[in-house]
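Structure at a glance
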Amino acid sequence: MVSEFSDKETNYDVDRYMDSSYLASYVRQLEKKVKVSETEKKLLDAERMRLERELNSVRAELERLRLPPLFTGSVLEVLDDDKGIIKSSTGPTLVVQIAKHISGDDLPSGTRVALNQRSFALMDILPMTKDPMVLGMEVEESPKVTYNDIGGLKAQILELREMIELPLLKPHLFEEIGIDPPSGVLLYGSPGTGKTLLTKAVAHETNATFIRVIGSELVQKYIGEGARLVREIFKMAKENAPSIVFIDELDAIGSKRLDMATSGDREVQRTLLQLLSQMDGFDPRGDVKMIGATNRPDILDTALLRPGRFDRIIEIPMPNPEALKEIFRIHTKKMPLSPDITLNDLVIRCESASGADVKAISTEAGMFAIREERLEVSFDDFKKSIAKVLKKKGMDIDSVKSYV
Ligand code: ATP
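A quick note: this is a predicted structure, and the numbers were derived from the prediction, not measured.

Moving on, we come to the pattern of salt bridges. Oppositely charged side chains are able to pair whenever their charged atoms sit close together. As enumerated under the stated definition, the model contains 16 salt bridges in all. The salt bridge involving E61 is made with R64; its shortest N-O contact spans 3.2 Å. You can see E61 and its partner R64 sitting in helix α1 (residues 2-66), three residues apart, about one turn around the helix. Note that R374 is salt-bridged to D381, the shortest N-O span being 2.9 Å. Look at the salt bridges and you will find they share partners, linking K41, D45, R48 and E52 into a network.

Now the structure itself:
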């Protein structure tokens, strides 16, 4: 009996023990769940805040896009800190309020500004624009061409260096001697004789910015546009000084002025007058040098040629046989030539060729080899390319044939 009773008691203890351990583990499990839920809640809160921020910025952007557009204009005069006279791009000249956040000191006359569409109040200062056409004229910071890339033209290189390099690299010499450095050089000669190449080499050696302008680009449709372009080109040259402004085909705007002129001619003359005034250094030009190039010096206006504008006029002649040989050497330097080719053989076959022709002949010869998938350029390739290039140039075909 006694043992029966104690057995029951023991079972009861075990049951109680199992219940409490079950409860404890159940509570632990619940606590874990609570922790996970809390972490999840934190993450969701962070995500909600991020989305709210995104929503706010999208709303702000939408508001901004809905704002009416602003007019542009330019400042004529600031009257006091909160009023100014501006010329609106729509035409009228107006006295307007200046927004509180803009100080009158930041508004020199000519500053481009944005104006409210209704009240014309001055809302913002805009950066100054440059004509994209003028920006496109800046060729490169400093071209890669060196004097070693030019065949012949030794005397011309020397003259150009004296005129352009010395004033840019050693200005003190001119101060000590007490003379103004020369301002411009005119190069003239047949097409493809290396006028542009020479100018690029000078720009490289002086580390100057090279601005190339083609004369015909300055001939514009609207009155005053050409003159404005000339002004902007010289402004850009001054900002990037030391710089060299190279005007190719100068005859397009620099030809002699006539009494009998059409309105188109008069516009070209206005552009020329602007160029003359810039060259005169009415505004001091600083380290801006000018090089002009033309194939027709005979038709240039005498005002351009007077000293003080183009101080030196240099002829770039067609290459003589010695120069041709050098030019061939330069342009075939990287080409794998067959051993039977001598530069003299090439030179005697194209005595009347220019530097540009020699370059074209070398490229064509290379193309003949490539066409036949050969890795060596033969004498035959050169013979064919000389005939092709000189024939294209309109040379007497029979005389070309007799060379080949
Ligand atoms: P244009 O009057 O038609 O503008 P240009 O005299 O300015 O012609 P360049 O543009 O300088 O001629 O020459 C064209 C190309 O011919 C050059 O890029 C160069 O490869 C080659 N060339 C011309 N002359 C020489 C030279 N003396 N030495 C080496 N290469 C030359």
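Now that the structure has been shown, we can carry on.
Right, let's get into the packing of helix α10 (residues 321-331) against helix α12 (residues 355-371). The contact between α10 and α12 brings their axes to 9 Å, and the two run at 40°. As judged from the angle between their axes, α10 and α12 are oblique. As α10 packs across α12, the resulting crossing turns out to be right-handed. Taking contact as the criterion, the partners of L324, I327, F328 and H331 in α10 are, on α12, G355, V358, K359, I361 and S362. For the contact of α10 with α12, the per-class residue count stands at five nonpolar, three polar and one charged.

Within soluble globular proteins, side chains that are nonpolar tend to cluster in buried spots. Grouped together as the largest cluster of nonpolar side chains are 25 residues, with contacts concentrated most on V245, L250, L275, M290 and L304. No other element matches the six residues that helix α6 (residues 225-239) contributes to this core.

Every buried residue of helix α5 (residues 195-205) is accounted for by K195, T196, L198, T199, A201, V202 and A203. Trailing α5 by a residue or two, N207 shows a phi angle of about 60°, which is positive.

With that settled, the discussion passes to the site of the ligand. As a matter of local geometry, the ligand sits amid 18 residues, with G151, G192, K195, T196 and L197 nearest to it. The contact in question runs from an oxygen atom of the ligand to an N or O atom on the backbone of A356, over 3.4 Å. Relative to its unbound accessible surface of 620 Å², the ligand loses 80% to contact with the protein. Here the ligand is seated within the largest pocket. Of all the elements in the fold, those that place two or more residues in the shell around the ligand are α5, α10 and α12. Tallied by class, the residues present in the shell around the ligand amount to six nonpolar, eight polar and four charged.

Closest axis-to-axis distance for the helix α3 (residues 154-169)/α5 pair is 10 Å, and the angle between their directions is 35°. Here the hand of the crossing between α3 and α5 comes out right-handed. In this structure, α3 uses Q156, I157, L160, I164, E165 and L169 to contact α5, whose residues at the interface are L198, V202 and E205. Counted by class, the contact of α3 with α5 contains six nonpolar, one polar and two charged residues.

The next thing to look at is a nonpolar patch on the surface. Among the surface-exposed residues, Y22, L23, Y26 and L30 lie close enough to one another that they form a single nonpolar patch of about 420 Å² accessible area. Within the secondary structure, Y26 is located in helix α1.

Our focus in this paragraph is the pairing of strand β1 (residues 71-80). Alignment of β1 against strand β4 (residues 112-115), held across four bridges, turns out to be antiparallel. Bridge pairing in β4 places T72 opposite A114.

Moving on, we come to the environment of F379. Examined against the element boundaries, F379 turns out to sit in helix α13 (residues 379-392). With 39 residues separating them in the primary sequence, F379 and D340 have C-alpha atoms 7.0 Å apart. If we skip the residues at most four places from it in the chain, F379 touches S338, D340, I341, D345, L346 and R349.

Glancing now at the layout of surface pockets. The space that makes up the largest pocket amounts to roughly 820 Å³. Lining the largest pocket are 36 residues, and of these G192, T193, G194, L197 and G355 lie nearest its centre. Going through the elements one at a time, α5, β10 (288-294), α10 and α12 are the ones with two or more residues in the lining of the largest pocket. At six residues, α10 tops the list of elements feeding residues into the lining of the largest pocket. Tallied by class, the residues present in the lining of the largest pocket amount to 13 nonpolar, 11 polar and 12 charged.

For the chain, mean pLDDT is 80; residues scoring 70 or higher make up 83% of the total. Within the chain, α12 carries the highest mean pLDDT (89), whereas helix α14 (residues 397-403) carries the lowest (44). In this model, residues 396-404 is a region of pLDDT below 50 whose contacts with residues beyond four sequence positions or in other chains number nine contacts.

Our next topic: unusual backbone geometry. Backbone geometry places E249, a non-glycine residue, at a positive phi of 50°. A positive phi angle, near 55°, is found at E373, a position not held by glycine. When its relative accessible area of 73% is taken as the criterion, E373 is described as exposed.

Cut-offs applied
- Residues numbered from 1 in each chain as written.
- Predicted model: local features only at pLDDT ≥ 70, side-chain atom pairs only at ≥ 80, totals over all residues.
- Heavy atoms only, no water.
- Salt bridge = Lys/Arg side-chain N within 4 Å of Asp/Glu carboxyl O.
- Helix = DSSP H or I, 4+ residues; strand = E, 2+ residues; numbered from the N terminus.
- Axes fitted to C-alpha atoms, helices over the stretch in contact; angles between N-to-C directions.
- Parallel < 35°, antiparallel > 145°, perpendicular 65-115°, else oblique.
- Left-handed = near helix turned anticlockwise from the far one by under 90°.
- Contact = heavy atoms within 4.5 Å.
- Nonpolar A, V, L, I, M, F, W, Y, C, P; charged D, E, K, R; others polar.
- Core = buried A, V, L, I, M, F, W, Y, C linked by side-chain atoms within 4.5 Å.
- Buried < 20%, exposed > 50% of the residue type's maximum accessible area, 1.4 Å probe, protein only.
- Near = heavy atom within 4 Å.
- Polar contact = N/O pair within 3.5 Å; in protein donor to acceptor, adjacent residues only side chain to side chain.
- Areas by Shrake-Rupley, 256 points an atom, 1.4 Å probe, with all protein chains shown as cover.
- 1 Å grid on protein atoms, 1.4 Å probe; cavity = no way out; pocket = protein on both sides within 12 Å on 5 of 7 lines; lining within 4 Å.
- Sits in = over half its atoms within 2 Å of the grid points.
- Patch = residues over 30% accessible without salt bridge, like charges linked within 9 Å, V, L, I, M, F, W, Y side chains within 5 Å.
- Pairing = 2+ DSSP bridges.
- Points joined across faces, edges and corners; volume = space filled by probe spheres on them.
- pLDDT = per-residue confidence, 0-100.

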